[in-house]
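Structural features, examined
In case you want the letters, here they are:
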Amino acid sequence: MEFFRIKKDIPFMRHALIFNVISALTFVAAVFFLVTKGLHFSVEFKGGTVMELKYAKASNLEGIRHSLEQIGYEQPEVTSFGTAHDVMIRLPIIKTVAGSNASQLVFDKLCKAEQGAMKQIDTVSAKGEHIVKAGCVDAAGAEAVTLQKVEFVGPQVGDELAQNGMNALAMVIVGVMIYLAVRFEWKFAVAAIIANLHDVVIILGFFAFFQWEFSLTVLAAVLAVLGYSVNESVVIFDRIRENFRKQRKASVHEVIDNAITSTISRTIITHGCTQMMVLSMLLLGGPTLHFFAIALTIGICFGIYSSVFVAAAVAMWLGVTREDLIKPIKEKDETDGAVV
């Protein structure tokens with residue numbers, strides 16, 4: 001399926017050096033921000049307390065944040081999930097509040113903000129299990145807010161999650177290199193990995209520069225971008241290999257330019273549809289999916305850029321040739337069958 005077809009090939013490789021200089025500068029800037037500012041890790045990585053609350057009426061998120069700031073939490077993460085009555089609070093470890101007492105202190109503060117009193121509430125789960133929850137009742141005895149769930153993540157657990165995340169990223173990179181080296185040729189594998197690392201580092205650079213929270217969902221988005229960017233590179237590499245078979249007299253520059261130009265329509269359709277879905281998450285998904293969608297948006301934009309101006313160009317500069325992808329046809333011995 002094509003929306004349009006470009007009859008004349010666009011000379012992408014003629015300007016590859018300029019675009020790769022821009023890519024290199026962007027990459028260096030991203031590394032600089034990662035080194036100087038670092039990532040703003042979420043509670044999952046740094047350790048802290050995660051609380052789930054259920055309010056009897058629509059929750060006032062700004063009021064909850066203000067109450068937490070009075071305790072000593074700077075820029076507390078308070079988000080609604082599911083409905084306006086359900087609230088999730090992520091609290092980092094601070095010196096003024098012991099980790100084990102954080103949930104009790106916070107819930108007491110929020111209960112007072114609702115002008116209520118602490119009370120244990122006995123409930124029965126859907127499975128018939130007896131559950132005792134901390135609750136807050138108003139002057140009339142009605143439930144104002146209940147504490148649904150509390151989880152404490154220690155620093156050691158956070159370090160383990162960070163290490164597991166880095167291991168997952170490394171395994172994906174190694175797997176992609178092996179796959180491309182087997183399917184195509186080692187030069188394409190190196191080019192694709194450079195392009196993929198380019199995308200990942202730039203995403204992390206954005207998060208370091210703006211100090212956006214880096215959570216497990218953002219890490220999932222980064223891993224998704226890796227696969228997404230590789231897919232775009234594979235499509236272009238496949239077309240390059242096909243062109244080497246068809247365009248026997250064309251130069252490497254011309255083969256690559258034709259491969260990229262002929263896949264532009266497909267790129268616009270694929271990435272456009274994906275970005276519409278990601279944009280809907282960004283605008284309608286709420287705070288929970290906000291940074292996940294931002295990471296995907298950055299990854300999609302730079303994934304297109306890197307597949308065209310980084311992966312293909314690096315493969316060209318590494319000296320990819322027709323013989324790297326297509327085995328030469330052995331000429332028949334002209335002396336066979338000759339009359340003596």
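Scroll up a little and you will see the structure.
Below is a short write-up of the structure. Nothing here was measured: the structure is a model prediction, and the numbers come from that model. (Residues numbered from 1 in each chain as written. Predicted model: local features only at pLDDT ≥ 70, side-chain atom pairs only at ≥ 80, totals over all residues. Heavy atoms only, no water.)

1. Description of the overall build of the protein chain
- Summing up its helical and strand segments, the protein chain has eleven helices and eight strands in all.
- Here the protein chain, with 340 residues, has 42% of them falling under the buried criterion.
- In the protein chain, of all internal contacts separated by at least 6 residues, the share reaching a separation of at least 24 is 73%.
- Here the protein chain displays about 18900 Å² of accessible surface, and carbon together with sulfur accounts for 62% of that area. (Helix = DSSP H or I, 4+ residues; strand = E, 2+ residues; numbered from the N terminus. Buried < 20%, exposed > 50% of the residue type's maximum accessible area, 1.4 Å probe, protein only. Contact = heavy atoms within 4.5 Å. Areas by Shrake-Rupley, 256 points an atom, 1.4 Å probe, with all protein chains shown as cover.)

2. Overview of the pattern of salt bridges
- A complete count under the given rule lists nine salt bridges for this structure.
- Salt-bridge contacts for Arg 266 lead to Glu 232; the nearest nitrogen and oxygen are separated by 2.5 Å. One end of the pair, Arg 266, is in helix α9 (residues 264–284); the other, Glu 232, is in helix α7 (residues 216–246), and 34 residues separate them in sequence.
- The partly exposed category is assigned to Arg 266, whose relative accessible area is 23%.
- Take Glu 232: its relative accessible area is 3%, and that puts it in the buried class.
- Of the charged contacts in the structure, one is a salt bridge between Glu 242 and Lys 246, with a shortest N-O distance of 2.8 Å. (Salt bridge = Lys/Arg side-chain N within 4 Å of Asp/Glu carboxyl O.)

3. Details of the environment of Glu 213
- Position of Glu 213 among the secondary structure elements: in strand β8 (residues 213–214).
- It is 5.8 Å that separates the C-alpha atoms of Glu 213 and Ser 42, two residues lying 171 residues apart in sequence.
- Excluding anything up to four places from it in sequence, Glu 213 contacts His 40, Phe 41, Ser 42, Val 43, Glu 77, Phe 207, Val 218 and Phe 291.

4. Thoughts on helix α8 (residues 252–262)
- Listing the buried residues of α8 in full gives Val 255, Ile 256, Asp 257, Asn 258, Ala 259, Ile 260 and Thr 261.
- Looking at the buried residues of α8, the elements they touch are α7, α9 and α10 (287–317).

5. Details of the packing of aromatic side chains
- Scanning all chains against the criterion turns up 18 aromatic pairs.
- With centroids separated by 4.7 Å and ring planes inclined at 10°, the aromatic side chains of Phe 210 and Trp 212 adopt a geometry described as stacked.
- The exposure class of Phe 210 is partly exposed, given its relative accessible area of 42%.
- An aromatic cluster is defined as three or more aromatic residues linked by ring pairs; in this entry it consists of Phe 32, Phe 33, Phe 41, Phe 45, Phe 206, Phe 207, Phe 209, Phe 210, Trp 212, Phe 214, Phe 291 and Phe 302. (Phe/Tyr/Trp six-rings, centres within 6.5 Å; stacked < 30°, edge-to-face > 60°.)

6. Here we look at helix α6 (residues 186–210)
- With 25 residues, α6 extends 36 Å between its outermost C-alpha atoms, agreeing within 8% with the 36 Å of an ideal straight helix rising 1.5 Å per residue.
- Of all 25 residues in α6, 18 are buried, a share of seventy percent or more.
- Positive phi appears at Gln 211, one or two residues downstream of α6, with a value of about 55°. (Expected span 1.5 Å × (residues − 1).)

7. Describing the packing of α7 against α8
- Taken N-terminus to C-terminus, the directions of α7 and α8 make an angle of 130°; their axes are 9 Å apart at the nearest point. Regarding the angle of α7 to α8, the classification is oblique. For the crossing formed where α7 meets α8, the hand is right-handed. Note on element contacts: α8 touches α7 through Val 252, Val 255, Ile 256, Asn 258, Ala 259, Ile 260 and Ser 262, opposite Ile 236, Arg 239, Ile 240, Asn 243 and Phe 244.
- Its residues assigned to classes, the contact of α7 with α8 shows eight nonpolar, three polar and one charged. (Axes fitted to C-alpha atoms, helices over the stretch in contact; angles between N-to-C directions. Parallel < 35°, antiparallel > 145°, perpendicular 65-115°, else oblique. Left-handed = near helix turned anticlockwise from the far one by under 90°. Nonpolar A, V, L, I, M, F, W, Y, C, P; charged D, E, K, R; others polar.)

8. Considerations on unusual backbone geometry
- One non-glycine residue with positive phi stands out, namely Gln 115, at about 55°.
- Here Gln 115 lies in the loop between α4 (102–113) and β5 (117–124).
- Unusually for a residue other than glycine, Gln 211 sits at a positive phi of about 55°.

9. Focus on the packing of α9 against α10
- It is at 8 Å that the axes of α9 and α10 come closest, and there the two elements cross at 165°. With respect to their mutual orientation, α9 and α10 come out roughly antiparallel. Seen along the crossing, α9 lies across α10 with a hand that is left-handed. Taking contact as the criterion, the partners of Thr 267, His 271, Thr 274, Gln 275, Val 278, Met 281 and Leu 282 in α9 are, on α10, Leu 289, His 290, Phe 292, Ala 293, Ile 294, Leu 296, Thr 297, Ile 300 and Ile 304.
- Looking at side-chain class alone, the contact of α9 with α10 contains ten nonpolar, six polar and no charged residues.

10. A closer look at the layout of surface pockets
- Of the pockets and cavities examined, the largest pocket occupies roughly 720 Å³.
- Taken together, the residues of the lining of the largest pocket sort by class into 14 nonpolar, ten polar and seven charged. (1 Å grid on protein atoms, 1.4 Å probe; cavity = no way out; pocket = protein on both sides within 12 Å on 5 of 7 lines; lining within 4 Å. Points joined across faces, edges and corners; volume = space filled by probe spheres on them.)

11. Re the nonpolar core
- Among the nonpolar cores identified, the biggest contains 58 residues, and Met 13, Ile 240 and Ile 260 are the most heavily contacted of them.
- Put simply, the parts of the chain that give this core at least two residues each are α5 (155–183), α6, α7, α8, α9 and α10.
- The element contributing the most residues to this core is α10, with 17 residues.
- Once residues within four sequence positions are removed from consideration, Ile 260 is found in contact with Phe 12, Met 13, Ile 236, Val 308 and Ala 312. (Core = buried A, V, L, I, M, F, W, Y, C linked by side-chain atoms within 4.5 Å.)

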